[in-house]
Amino acid sequence: MKIITSISDMHKVSLVLKREGRTIGFVPTMGALHKGHVTLIDKAKRENNKVVLSIFVNPIQFAPGEDYHSYPRDKERDEIMASQSGVDILFLPSADEMYPDGYETFVNVEGITELLCGKFRHGHFKGVATVVLKLFNIVMPDRAYFGEKDYQQMLVIKRMVNDLNLNIDIVSMPTIREEDGLAMSSRNTYLDSGERVSAVSLYKALKTSEDMVKNGERDTMKIINEMERIIRSETAAKIDYISICDPDTLKDIKTINGRALAALSVRIGNARLIDNCMLGVK
Ligand code: AMP
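Source: prediction; values computed, not measured.

Visitor: How do you make sense of the packing of aromatic side chains when you look at a structure like this?
Guide: The geometry of an aromatic ring pair is captured by two quantities: the separation of the ring centres and the angle between the planes. A complete count under the given rule lists 7 aromatic pairs for this structure. Between Phe-62 and Tyr-71 the ring centres are 6.0 Å apart and the planes differ by 70°, which places this aromatic pair in the edge-to-face class. Comparing Phe-62 with Tyr-71, the two get one shared label, buried. Aromatic ring contacts, followed pair by pair, group Phe-56, Tyr-99, Tyr-103 and Phe-106 into a single cluster. Looking at Arg-73, its charged tip hangs above the ring of Tyr-68, at a distance of 5.0 Å from the centre.

Printed below as a string of structure tokens:
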């Protein structure tokens, strides 16, 4: 596995690969790698000649007071995991080179970024869209891989790629979970053992929403009330939002009569956890 830290080196290597006619699959991450990241790498390996994995804890997607400084970082472990997963190129840009003095350009996807997490994390998706476009321009991938765990993020990237006519396929992959259902996340390391138990309530709430829809419930208020009850039974949990919404627009739905997304964000201890599932009605 080749490790590249400079933007110009990454650019040069990608240009050579493209000239040779090879396809590039790209997996952008913030590191502290886990099985969720590995499924994206596996898929990228199956579909491309070369796989580039980036690890960059992007300062501009964290609001003041969020966990930028405490975000888990473990370079050695990540390098081993990336190499064992078959990554060809590990790209580790520095914040100084990504955002040098005088940096002034940002990408703002409107509409969908104002809902769900956008209401609680001001400027977050602007930071995400900006860094992803920068990484796309540096790496020049044919395909880029994103997890459905961060559903809104995936939608924002798809919107940006569409709106800005980028010639990149966005491939999404289902959420990888721990045995008890908790969605894998680098932020799960913030949880102490009691909080880790409480964290399963997100999954339980989503499962309940699925079961209620399967059993014929269509009224989203009733489903959300039940999800809320499950989460509130964990004293450590503070709900940011629970939403049942249109999977394309993220606007709240009153009655389910097609596809619907159940999405929630809950703070447990120092961790802000998100999760979602698709509720289908044919
Ligand atoms: P992160 O390092 O948390 O920014 O995530 C990098 C990529 O991995 C994003 O596309 C995430 O959606 C994806 N990802 C994170 N957790 C999971 C998971 N549990 N299952 C599948 N994909 C995930």
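Moving on from the model shown.
Visitor: Would you take a moment to explain the site of the ligand for this structure?
Guide: The immediate surroundings of the ligand are formed by 17 residues, with Met-30, His-37, Asp-150, Ile-176 and Met-184 found nearest. In the model, an oxygen atom of the ligand is placed 2.9 Å from a nitrogen or oxygen of the Gly-147 main chain. At 2.9 Å from a nitrogen atom of the ligand is found a main-chain nitrogen or oxygen belonging to Ile-176. Contact with the protein chains removes 93% of the 490 Å² of surface that the ligand exposes when unbound. Looking at the shell around the ligand, the elements with two or more residues in it are strand S2 (24-29), helix H2 (35-47) and strand S5 (143-147). Of all the elements, H2 adds the most residues to the shell around the ligand, at 3 residues. Within the shell around the ligand, the residues separate by chemical class into 8 nonpolar, 7 polar and 2 charged.

Visitor: When you look at the pattern of salt bridges in this model, what are you seeing that I'm missing?
Guide: When their charged atoms lie close together, side chains carrying opposite charge are able to pair. For the structure shown, the criterion picks out 18 salt bridges. The salt bridge involving Arg-196 is made with Asp-180; its shortest N-O contact spans 3.0 Å. Of this pair, Arg-196 sits in helix H7 (residues 193-214) while Asp-180 sits in the loop between strand S6 (169-173) and H7, and the two are 16 residues apart along the sequence. Owing to a relative accessible area of 24%, Arg-196 belongs among the partly exposed residues under this scheme. A relative accessible area of 33% means that Asp-180 is categorised as partly exposed. Through salt bridges that share partners, Asp-240, Arg-267 and Arg-272 make up one connected network.

Visitor: Explanation requested: empty space enclosed by the protein in the structure shown.
Guide: Following the criterion strictly, the structure yields 2 cavities of 30 Å³ or more and no others. A volume near 80 Å³ is recorded for the largest cavity. When its residues are assigned to classes, the lining of the largest cavity shows 8 nonpolar, 2 polar and 3 charged. Counting contributing residues per domain, the lining of the largest cavity is built from domain 1 (2-173) and domain 2 (186-276), each supplying no fewer than three. A volume near 50 Å³ is recorded for the second largest cavity. Here the lining of the second largest cavity takes 3 residues from strand S9 (residues 271-279), the largest share from any one element.

Visitor: Would you take a moment to explain the domain arrangement of the chain for this structure?
Guide: Many structure descriptions define interface size as the accessible area lost when the parts assemble. Its domain assignment divides the chain into domain 1 (2-173) and domain 2 (186-276). Placing a centre on the C-alpha atoms of domain 1 and another on those of domain 2 gives a separation of 26 Å. Across the boundary between the two partners, domain 1 contributes 21 residues, which contact 18 residues of domain 2. Approximately 1700 Å² of surface area, both sides summed, lies buried where domain 1 meets domain 2, with 58% of it carried by carbon and sulfur atoms. In this assembly, domain 1 and domain 2 are joined by 1 salt bridge. The salt bridge involving Asp-67 is made with Arg-187; its shortest N-O contact spans 2.8 Å. When residues of the side of domain 1 that touches domain 2 are assigned to their parent elements, the largest contribution, 3 residues, is made by helix H6 (residues 151-163). Class assignment for the residues of the side of domain 1 that touches domain 2 results in 11 nonpolar, 5 polar and 5 charged.

Rules and cut-offs
Residues numbered from 1 in each chain as written. Predicted model: local features only at pLDDT ≥ 70, side-chain atom pairs only at ≥ 80, totals over all residues. Heavy atoms only, no water. Phe/Tyr/Trp six-rings, centres within 6.5 Å; stacked < 30°, edge-to-face > 60°. Buried < 20%, exposed > 50% of the residue type's maximum accessible area, 1.4 Å probe, protein only. Lys NZ or Arg CZ within 6 Å of the ring centre and 35° of its normal. Near = heavy atom within 4 Å. Polar contact = N/O pair within 3.5 Å; in protein donor to acceptor, adjacent residues only side chain to side chain. Areas by Shrake-Rupley, 256 points an atom, 1.4 Å probe, with all protein chains shown as cover. Helix = DSSP H or I, 4+ residues; strand = E, 2+ residues; numbered from the N terminus. Nonpolar A, V, L, I, M, F, W, Y, C, P; charged D, E, K, R; others polar. Salt bridge = Lys/Arg side-chain N within 4 Å of Asp/Glu carboxyl O. 1 Å grid on protein atoms, 1.4 Å probe; cavity = no way out; pocket = protein on both sides within 12 Å on 5 of 7 lines; lining within 4 Å. Points joined across faces, edges and corners; volume = space filled by probe spheres on them. Domains from an automatic or database assignment. Contact = heavy atoms within 4.5 Å. Buried area = accessible area lost by both parts, 1.4 Å probe.

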